[in-house]
Amino acid sequence: MTYPHHLVEGTRLEHDWFPSALPACVELDPTSWLHSSYAFLHSQTTRPGAVRVGAHSGVYRDTWFELGPAAEVVIGAYCTMVAAIINTGGRVEIDDFALIAHDVVITDEDAPVPPPEQARFGPRREDTLIRIGRNAWVGARAILLDGTDIGEGSIVGAGAVVRSRIPPHSIVVGNPAKVVG
């Protein structure tokens, strides 16, 4: 995975309609696109480098980062993400050239709980990992749960629910996701 060399953090995006700078936890390569700092409205992490976006990647409209205090999200180079929800207290790795389609949910919780209610249900787990391999494609409205490890060059069909390791260069569909090609 390639990591950015020249990063912009804690600055205001020129095109942003939301009157707030990027949170200090965000490292965005200057060749990449982030639609708005509004994407971090529900993020609880404040540690530097918690979210890193590599070169020439696009994080487009309606993408949300709902991150717990210890969460970490690494997005590689040349990735595209549209209207995805990343809801984690652990780690999410998206390798280079990955494509995340509309309305994909990446979460390590079976039942998302709003932040004020989390105290009733206990603390978020921090030992979780969801990984999307290099050149993988994730179809619209797929759900990736804790333990998901999508191999390089794999395709996750629209609406699939994944909670396991997907071998490289596979096609998976269904709920639960099964290899079909």
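From a predicted model like this one, the values you see are computed outputs, not experimental measurements.

Cut-off values and rules
- Residues numbered from 1 in each chain as written.
- Predicted model: local features only at pLDDT ≥ 70, side-chain atom pairs only at ≥ 80, totals over all residues.
- Heavy atoms only, no water.
- Helix = DSSP H or I, 4+ residues; strand = E, 2+ residues; numbered from the N terminus.
- Buried < 20%, exposed > 50% of the residue type's maximum accessible area, 1.4 Å probe, protein only.
- Contact = heavy atoms within 4.5 Å.
- Areas by Shrake-Rupley, 256 points an atom, 1.4 Å probe, with all protein chains shown as cover.
- Pairing = 2+ DSSP bridges.
- Polar contact = N/O pair within 3.5 Å; in protein donor to acceptor, adjacent residues only side chain to side chain.
- Core = buried A, V, L, I, M, F, W, Y, C linked by side-chain atoms within 4.5 Å.

Q: Break down the overall build of the protein chain for me, citing the residues and quoting the values.
A: Assigned secondary structure in the protein chain consists of 1 helix and 20 strands. Expressed as a percentage of the 181 residues in the protein chain, the buried residues total 48%. Of the contacts formed within the protein chain by residues at least 6 apart in sequence, a portion of 30% connects residues at least 24 apart. Of the roughly 8700 Å² of accessible surface on the protein chain, 57% is carried by carbon and sulfur atoms.

Q: Please set out the environment of V105 residue by residue, giving values where relevant.
A: Along the chain, the position of V105 falls in strand β11 (residues 105-107). Among residues more than four places away in sequence, those in contact with V105 are I85, A142, I143 and L144.

Q: Would you mind going over the sheet that holds strand β17 (residues 161-162) in detail, with residue names and values included?
A: Ordered by their spatial adjacency, 5 strands build an open sheet running β5-β8-β11-β14-β17, and the pairing between neighbours is parallel. Taken across any chain shown, the strands that pair with only one partner, and hence form the sheet edges, are β5 (64-67) and β17. Pairing between β5 and strand β8 (residues 85-88): 4 bridges, direction parallel. Across the sheet, the residue bridging to F65 is I86, located in β8.

Q: Summarise the side chain of S170; cite the residues concerned and give the values.
A: Mapped onto the elements of the fold, S170 is located in the loop between β18 (165-166) and β19 (171-173). Judged by relative accessible area, S170 falls into the buried class, the value being 6%. Within the structure, S170 has its side chain in polar contact with the backbone oxygen of P167 (distance 2.9 Å).

Q: Give me the lowdown on the nonpolar core, citing residues and values where you can.
A: One finds F65, I75, I94, I106, I132 and V138 to be the most contacted residues of the largest nonpolar core, which totals 40 residues. When residues of this core are traced back to their parent elements, those giving at least two are β1 (26-28), β3 (51-53), β5, β6 (72-75), β9 (91-94) and β12 (129-132).

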